[in-house]
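Coordinate inspection notes
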4 protein chains.
Amino acid sequence: MYQVRTDLALEAKEKFEEDHVEVKGVRLEKEKAAGDIEITKVVIETENGAKTMGKPRGIYVTLEAPNMIEEDEDYHREISVQLSKVVRELLGEKKEKDSILVVGLGNREVTPDALGPHVVDNMMITRHIIREFGSYAFGKDKTKKISGIVPGVMAQTGMESEEIIRGVVEQTHPDYVIVVDALAARSTKRLNRTIQITDTGINPGSGVGNRRHAINRESMGVPVIAIGVPTVVDAATIVTDTMSDLIAAMAESSHLSGISDSLKTLNEMEKYELIRELLSPHLNAFFVTPKDIDEAVKRLGYTISEGLNMTFLENHA
Amino acid sequence: MYQVRTDLALEAKEKFEEDHVEVKGVRLEKEKAAGDIEITKVVIETENGAKTMGKPRGIYVTLEAPNMIEEDEDYHREISVQLSKVVRELLGEKKEKDSILVVGLGNREVTPDALGPHVVDNMMITRHIIREFGSYAFGKDKTKKISGIVPGVMAQTGMESEEIIRGVVEQTHPDYVIVVDALAARSTKRLNRTIQITDTGINPGSGVGNRRHAINRESMGVPVIAIGVPTVVDAATIVTDTMSDLIAAMAESSHLSGISDSLKTLNEMEKYELIRELLSPHLNAFFVTPKDIDEAVKRLGYTISEGLNMTFLENHA
Amino acid sequence: MYQVRTDLALEAKEKFEEDHVEVKGVRLEKEKAAGDIEITKVVIETENGAKTMGKPRGIYVTLEAPNMIEEDEDYHREISVQLSKVVRELLGEKKEKDSILVVGLGNREVTPDALGPHVVDNMMITRHIIREFGSYAFGKDKTKKISGIVPGVMAQTGMESEEIIRGVVEQTHPDYVIVVDALAARSTKRLNRTIQITDTGINPGSGVGNRRHAINRESMGVPVIAIGVPTVVDAATIVTDTMSDLIAAMAESSHLSGISDSLKTLNEMEKYELIRELLSPHLNAFFVTPKDIDEAVKRLGYTISEGLNMTFLENHA
Amino acid sequence: MYQVRTDLALEAKEKFEEDHVEVKGVRLEKEKAAGDIEITKVVIETENGAKTMGKPRGIYVTLEAPNMIEEDEDYHREISVQLSKVVRELLGEKKEKDSILVVGLGNREVTPDALGPHVVDNMMITRHIIREFGSYAFGKDKTKKISGIVPGVMAQTGMESEEIIRGVVEQTHPDYVIVVDALAARSTKRLNRTIQITDTGINPGSGVGNRRHAINRESMGVPVIAIGVPTVVDAATIVTDTMSDLIAAMAESSHLSGISDSLKTLNEMEKYELIRELLSPHLNAFFVTPKDIDEAVKRLGYTISEGLNMTFLENHA
């Protein structure tokens with residue numbers, strides 16, 4: 001069975017349903033939030049489930065909002081509020097914990113990959129102020145120490161993001177790490193309309209860039225929450241998927257009745273091989289993204305940073 | 001017959017050859033330049049040729065260089081030299097003419113669309129200095145008055161680029177306009193490896209953005225040279241093309257011998273219809289671009305601006 | 001009498017008061033707005049007043065707010081509301097008028113000069129949408145057609161901003177032009193805490209850059225409102241002023257009683273000559289700005305664009 | 001004796017000479033390099049010298065070039081060559097050492113503070129390629145493993161640059177660290193015309209920002225070379241210096257003969273106190289920089305990165 005290329009646990013799950021494959025060890029819960037924001041929780045409960053899904057065990061919450069890309073401040077505020085709730089839940093109740101490192105992964109110079117840097121740019125950074133003046137500097141008891149970093153991508157630094165972040169974590173000892181990153185989806189319909197929040201961190205092969213080393217609780221020594229928005233589809237994925245639809249359509253077509261039967265005899269694997277032969281391998285170096293990606297990334301970066309500011313700063317709640 | 005979606009005259013011509021369609025009124029000349037730079041000239045000579053090609057009458061010169069995206073200063077200098085030669089040739093010998101407006105079209109905030117702005121950023125701008133101190137300010141008699149503008153795209157300005165540029169041309173009276181823009185190609189293999197220089201300017205429906213009004217000699221009142229590099233492929237194009245290949249492969253396949261005959265009976269148009277039904281219309285809002293597009297656009301912007309600096313400033317020649 | 005170097009009419013007026021010089025033909029009105037925002041109106045009523053002030057006849061409204069640089073969304077919203085009121089008042093009641101061009105003057109690459117570009121970046125641009133779909137595209141009858149442009153500075157374009165804007169105005173026929181620019185103040189205390197709104201447009205010698213040609217009703221053919229925030233002090237100004245204070249202090253000093261009398265015999269002009277001799281003329285090429293100018297310009301750009309969005313878009317009011 | 005505020009060892013030394021103060025334990029060597037580039041070496045040899053100079057023991061080499069800000073590629077190449085020589089000399093001959101971390105300190109969003117980030121943007125980053133393919137990936141035996149990072153400033157990260165860099169050094173084990181930073185000079189005449197290279201790293205209180213923790217061999221565990229260009233003068237410094245000149249001028253002035261004698265009785269300290277009373281303490285939050293700082297920083301960033309590329313990559317030498 002070939003692997004579906006998506007960073008969204010929800011899409012991976014859906015693909016199996018589409019193919020009528022039962023996945024054991026994976027639980028799915030739907031919940032309707034305020035307005036038309038849809039919240040879905042995928043829980044990968046067993047190692048078997050993880051293997052099938054191609055993603056580590058843990059919780060993956062998806063916020064979907066059809067108008068996430070519209071200009072509407074109140075609507076965006078509602079998304080920030082829901083995001084904040086999910087983050088709090090994943091962090092659990094640990095009141096004594098109070099320092100957070102927010103990491104903006106991705107390449108600031110490539111528009112759909114600049115989401116993480118945008119979020120860090122908009123965060124209220126407080127660690128240095130609280131260390132110097134105490135948390136009453138903000139007139140509140142519970143303001144957290146927030147630090148932030150934009151490590152850059154390997155082509156710019158020559159280093160794995162994971163090396164840089166682990167170094168920073170070991171020097172500054174945050175209680176948690178929040179990693180924000182642009183993701184790859186399988187369907188263009190999910191681009192810029194979905195936020196995934198997971199307690200599994202960032203794992204190999206994700207995203208636009210080449211970030212192969214995991215950034216998770218194991219590698220960092222503290223809990224890592226990853227927040228991502230799909231902003232691209234791999235070029236190979238979009239082509240594969242549409243061709244797969246083409247084969248299905250031809251198999252159904254009365255116009256092509258002669259073909260129908262022969263095609264039905266092809267199994268999934270044979271169809272995939274047929275497609276793969278036609279795909280130039282260099283397509284892996286390309287991605288698909290919407291033309292208005294600059295506005296989408298700017299707006300989503302703001303929405304996510306507001307959600308995080310709400311979570312960690314009393315006066316934003 | 002359906003229209004091939006490409007801004008490169010060379011690709012449009014090739015498509016017809018591929019389909020064994022003879023195009024009248026279009027001439028093609030190949031020339032090998034220094035090293036491995038290949039120069040091709042497509043001349044659309046008649047209105048009929050223009051109609052078939054979907055592009056206005058005029059000269060389209062293409063520089064192709066397989067290593068255009070490598071880090072090699074000497075190689076890039078050679079491309080700049082060849083570009084300069086072509087620009088000089090298209091401008092013709094008019095020594096008394098001496099003021100040039102360089103326009104950087106496209107959206108600075110969307111990486112593959114930022115080529116034009118990058119070129120203007122790197123141009124030697126001289127008009128204001130020569131107007132104040134004379135051309136001997138540069139110690140040369142023949143330094144041209146160069147001005148530059150980055151008008152932005154319609155989503156940012158609410159105006160057509162053509163309105164802005166015509167306004168600027170009417171106020172500042174340049175003898176020529178050079179317009180630099182990112183283009184859409186049909187094949188990913190041409191991305192960031194090809195420079196097209198044409199004396200027809202920029203015409204409706206080109207590029208990533210929505211720039212519908214022509215920027216050419218007719219609308220501007222002075223000669224307009226357009227320089228473009230394909231940095232994206234339309235998502236619909238890449239999917240259509242690969243599906244077209246799929247149908248061809250299935251028709252040939254011995255493995256699918258049963259299908260073969262039925263498929264052969266489909267003509268081009270029927271194949272296209274089959275594909276179009278499957279393509280979500282929203283794919284038009286997406287483009288395909290390489291992951292290292294930031295480096296490519298930066299490097300190409302520099303190479304083109306150097307070519308133009310050479311052309312207009314004695315001391316760079 | 002030497003000229004005070006400031007773009008703020010209020011500071012020019014204050015200087016004369018300080019020097020006990022009566023200025024005829026200039027009226028000053030103070031008004032306390034919501035919270036601690038102070039609104040002052042300087043009206044230059046006569047040509048004589050204009051000559052003395054070194055600024056054209058017209059209305060100059062100043063909003064001053066001590067916490068304009070703090071992070072406080074509600075506070076900023078209040079400033080936006082007051083700004084919107086002043087702009088409406090200066091534009092007058094002309095309901096049939098409905099298209100506005102917003103110009104962001106200044107150099108995007110020099111932090112304190114990037115205010116204008118930031119404002120245009122944050123404007124709701126509507127002209128192209130209303131032209132295509134009508135104003136009901138926004139669900140409101142009264143949404144204005146807003147266009148925007150960032151012309152760049154002369155070192156980047158080789159052209160006067162005034163040439164570019166006049167060209168755009170002649171092509172697109174806005175009913176009004178709003179020009180936003182970074183200004184030079186005399187006192188560092190006013191930097192990033194003051195917004196000046198004037199119906200006289202932008203006039204020679206203002207700001208950080210070299211923009212010598214007026215952008216006003218006369219040159220544009222339509223009313224021009226200029227909105228500016230002082231973000232720099234000229235280096236020569238700050239040095240002159242402090243030295244002037246030094247001379248005054250020495251004249252008062254009991255410690256330097258011997259000097260006192262001789263210094264008192266120096267008149268303003270002599271003091272100024274003494275200072276000027278010491279000032280290297282190259283100081284004119286330098287400006288003074290605060291270290292946190294990046295945050296100030298970002299925040300003020302947002303506050304001003306919100307004020308303008310409120311003014312022209314029903315749903316923001 | 002009050003402290004001169006400058007990051008340039010050369011200026012600190014000059015100030016003492018000006019004041020006819022002999023500094024023990026500090027050696028100064030002048031050398032004329034190619035063309036009009038002047039090279040000066042200040043060696044602080046003893047702890048006493050360090051205390052007097054307010055800078056740690058070590059070597060400070062200054063390259064001064066009057067035309068460093070002109071557009072002249074050959075001239076800039078010569079500066080890069082000289083810079084490369086100095087860096088090699090300070091690193092010493094250690095052929096087995098081969099990995100270098102280049103750090104771009106400073107705030108990318110504040111133009112005169114963006115020098116370090118610009119340099120890292122232009123570096124050839126090789127570490128990840130050599131680790132994957134070996135150094136023959138570049139067709140040379142001696143290509144070094146270069147990594148780079150732009151840590152941001154404390155207001156953006158909440159962390160000391162030193163914490164971030166130490167973390168990265170401990171994870172990636174470079175043999176050397178090169179730190180590039182914008183500096184503060186005492187005189188505007190040195191801005192953008194001087195490069196200081198030192199083996200003492202970066203030490204408290206330097207530059208525009210607030211970077212208080214040393215980045216040197218002691219804190220990093222490996223040799224640290226710092227490369228800096230003064231791009232700003234502290235506002236307090238420029239005012240103090242000119243006022244000091246004013247007092248001197250008045251003391252000399254025949255026109256003010258009455259004052260002369262009283263002023264001569266003031267000692268340095270009293271003059272300084274007089275000045276300090278007049279200086280608003282908030283002037284510390286301001287800096288002075290030239291209007292064309294965007295072009296200067298871009299050009300100098302390129303010149304320095306070329307010098308470093310030459311140093312570490314065979315094929316650039």
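This section reports on the structure supplied with the text. (Residues numbered from 1 in each chain as written. Chains lettered and ligands numbered in written order. Predicted model: local features only at pLDDT ≥ 70, side-chain atom pairs only at ≥ 80, totals over all residues. Heavy atoms only, no water.)

1. Observations concerning the overall build of chain A
Helix and strand counts for chain A come out as 12 helices and 9 strands. Within the span of chain A, comprising 317 residues, buried residues form 61% of the whole. As presented, chain A carries roughly 13,000 Å² of accessible surface, and 47% of it is formed by carbon and sulfur atoms. (Helix = DSSP H or I, 4+ residues; strand = E, 2+ residues; numbered from the N terminus. Buried < 20%, exposed > 50% of the residue type's maximum accessible area, 1.4 Å probe, protein only. Areas by Shrake-Rupley, 256 points an atom, 1.4 Å probe, with all protein chains shown as cover.)

2. Brief notes about the packing of helix H3 (residues 73–91) of chain C against helix H12 (residues 293–312) of chain C
All names here are of chain C. Between H3 and H12, whose axes approach to 8 Å, the crossing angle comes to 50°. It follows from the interaxial angle that H3 and H12 lie oblique. The interaxial crossing formed by H3 with H12 has right-handed handedness. Across the interface between the two elements, His-76, Arg-77, Ile-79, Ser-80, Val-81, Leu-83, Ser-84, Val-87, Arg-88 and Leu-91 from H3 touch Arg-299, Thr-303, Ile-304, Glu-306, Gly-307, Leu-308, Met-310, Thr-311 and Phe-312 from H12. (Axes fitted to C-alpha atoms, helices over the stretch in contact; angles between N-to-C directions. Parallel < 35°, antiparallel > 145°, perpendicular 65-115°, else oblique. Left-handed = near helix turned anticlockwise from the far one by under 90°. Contact = heavy atoms within 4.5 Å.)

3. Things to note about the relation of the copies chain D and chain B
Here chain D sits on chain B after a turn of 180° about the axis and a move of 0.0 Å along it, with an RMSD of 0.0 Å. Taken together, the rotation angle and the small translation identify this as a two-fold axis. Most of the interface of chain D is mirrored in chain B, where 100% of its interface residues are also at the interface. (Least-squares fit on C-alpha atoms with pLDDT ≥ 70 in both.)

4. Considering the pairing of strand E1 (residues 26–32) of chain B
All names here are of chain B. Of the strand pairs in this sheet, E1 and strand E2 (residues 38–44) are connected by 7 bridges, and their pairing is antiparallel. In the sheet register, Glu-31 faces E2, and the bridge partner there is Ile-39. Taking the residues that link successive antiparallel strands as the turn, the E1-E2 hairpin has 5 residues, and the phi of Gly-35 there is positive, at about 60°. (Pairing = 2+ DSSP bridges.)

5. A short note on unusual backbone geometry
All names here are of chain A. Not every positive phi belongs to a glycine, and His-173 is a case in point at roughly 50°. By the element assignment, His-173 lies in the loop between helix H7 (161–172) and strand E6 (176–185). Judged by relative accessible area, which is 58%, His-173 ranks as exposed.

6. Digging into the pattern of salt bridges
All names here are of chain A. Counted according to the given criterion, the structure contains 55 salt bridges over all chains. Put simply, Glu-89 and Lys-41 hold a salt bridge, and the shortest N to O gap is 3.1 Å. Of this pair, Glu-89 sits in helix H3 (residues 73–91) while Lys-41 sits in strand E2 (residues 38–44), placing them 48 residues apart in sequence. Accessibility expressed as a relative area gives 53% for Glu-89, which makes it exposed. (Salt bridge = Lys/Arg side-chain N within 4 Å of Asp/Glu carboxyl O.)

7. Thoughts on the environment of Asp121(B)
Mapped onto the elements of the fold, Asp121(B) is located in helix H4 (residues 115–122). On a C-alpha basis, the gap between Asp121(B) and Thr289(B) in space is 23 Å, while along the polypeptide they are 168 residues apart. Filtering out sequence-adjacent residues up to four positions away, Asp121(B) remains in contact with Arg108(B) and Lys298(D).

8. Points about the packing of helix H7 (residues 161–172) of chain B against helix H7 (residues 161–172) of chain C
Where H7(B) contacts H7(C), the two axes come as close as 7 Å, and the packing angle between them is 120°. Relative to H7(C), the element H7(B) lies oblique. Judged by the twist between their axes, the crossing of H7(B) over H7(C) is right-handed. Touching Glu163(B), Ile164(B), Arg166(B), Gly167(B), Val168(B), Glu170(B), Gln171(B) and Thr172(B) of H7(B) are Glu163(C), Ile164(C), Arg166(C), Gly167(C), Val168(C), Glu170(C), Gln171(C) and Thr172(C), all from H7(C). When the residues that make up the contact of H7(B) with H7(C) are grouped by side-chain class, the tally is 4 nonpolar, 6 polar and 6 charged. (Nonpolar A, V, L, I, M, F, W, Y, C, P; charged D, E, K, R; others polar.)

9. Describing the side chain of Arg186(D)
Residue and element names in this part refer to chain D. For Arg-186, the position within the fold is in the loop between strand E6 (176–185) and strand E7 (194–198). Under the relative-accessibility criterion, Arg-186 is labelled buried at 14%. Side chain to side chain, Arg-186 and Glu-18 meet in a polar contact 3.5 Å long. (Polar contact = N/O pair within 3.5 Å; in protein donor to acceptor, adjacent residues only side chain to side chain.)

10. Examining the interface of chain D and chain B
Listed by partner, the interface residues are 9 residues for chain D and 9 residues for chain B. Taken together, the connections running from chain D to chain B amount to 0 residue pairs in polar contact (both at pLDDT 80 or more). Secondary structure elements with two or more residues in the side of chain D that touches chain B: helix H3 (73–91), helix H4 (115–122) and helix H12 (293–312) of chain D. By residue class, the composition of the side of chain D that touches chain B is 2 nonpolar, 1 polar and 6 charged.

11. Some words on the side chain of Thr194(B)
All names here are of chain B. Checked against the element boundaries, Thr-194 lands in strand E7 (residues 194–198). Accessibility expressed as a relative area gives 1% for Thr-194, which makes it buried. Polar side-chain contacts of Thr-194 include one of 3.2 Å to the backbone oxygen of Arg-190. For Thr-194, the residues in contact, after removing those within four places along its chain, are Leu-8, Thr-62, Leu-63, Glu-64, Met-68, Gly-228, Val-229 and Pro-230.

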